[in-house]
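Close look at the chain arrangement
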Amino acid sequence: MTNYEKYVNVFVETFSVSAEQVEKLEYQGISEWDSVGHMGLIAALEDAFDIMMDTDDIIDFSSFEKGKEILANNYEVEF
């Protein structure tokens with residue numbers, strides 16, 4: 001499984017959405033992605049990629065696309 005597939009999978013499993021929907025997702029754009037859902041997402045991403053995210057990155061993680069950027073730039077996750 002590629003890193004991109006793992007990343008998509010985390011969103012699909014965390015928010016119960018289809019893989020086609022994830023690329024457009026933004027924080028609070030769906031009811032599941034509230035503050036509690038956000039922390040679940042972060043925990044799942046940390047497990048999937050074996051990382052520990054900084055608080056600033058968790059706060060800045062505001063969309064599917066922004067998350068890819070944060071993981072690639074700050075945690076050496078290649079997509």
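See above for the structure.
Here's a quick rundown of the structure.

Criteria and cut-off values
- Residues numbered from 1 in each chain as written.
- Predicted model: local features only at pLDDT ≥ 70, side-chain atom pairs only at ≥ 80, totals over all residues.
- Heavy atoms only, no water.
- Helix = DSSP H or I, 4+ residues; strand = E, 2+ residues; numbered from the N terminus.
- Contact = heavy atoms within 4.5 Å.
- Areas by Shrake-Rupley, 256 points an atom, 1.4 Å probe, with all protein chains shown as cover.
- Lys, Arg positive; Asp, Glu negative; His and termini not counted.
- Charge placed at Lys NZ, Arg CZ, Asp CG, Glu CD.
- Polar contact = N/O pair within 3.5 Å; in protein donor to acceptor, adjacent residues only side chain to side chain.
- Axes fitted to C-alpha atoms, helices over the stretch in contact; angles between N-to-C directions.
- Parallel < 35°, antiparallel > 145°, perpendicular 65-115°, else oblique.
- Left-handed = near helix turned anticlockwise from the far one by under 90°.

Counting secondary structure elements, the protein chain contains four helices and zero strands. Traced from its N-terminal end to its C-terminal end, the protein chain shows the element sequence α-α-α-α. In terms of overall dimensions, the protein chain has C-alpha extents of about 30 × 25 × 20 Å along its principal axes. Within the protein chain, counting contacts between residues at least 6 apart in sequence, those at least 24 apart form 45% of the total. For the protein chain, the computed accessible surface area is about 4,800 Å², with 45% contributed by carbon and sulfur atoms. Charged side chains in the protein chain number 4 positive and 18 negative. The centres of these two groups are separated by 7 Å.

The next subject is the environment of Tyr 7. You can see Tyr 7 is positioned in helix 1 (residues 3–15). On a C-alpha basis, the gap between Tyr 7 and Ile 51 in space is 13 Å, while along the polypeptide they are 44 residues apart. Those residues in contact with Tyr 7, other than ones at most four positions away along the chain, are Leu 45, Phe 49, Phe 61, Ser 63, Phe 64, Gly 67, Lys 68, Leu 71 and Phe 79. Polar side-chain contacts of Tyr 7 include one of 2.5 Å to the backbone oxygen of Phe 64.

Relative orientation of the contacting elements helix 1 and helix 4 (residues 64–75) amounts to 135°, with a least axis distance of 12 Å. Regarding the angle of helix 1 to helix 4, the classification is oblique. As helix 1 packs across helix 4, the resulting crossing turns out to be right-handed. Here Tyr 4, Tyr 7, Val 8 and Phe 11 of helix 1 come into contact with helix 4, specifically with Phe 64, Gly 67, Lys 68 and Leu 71.

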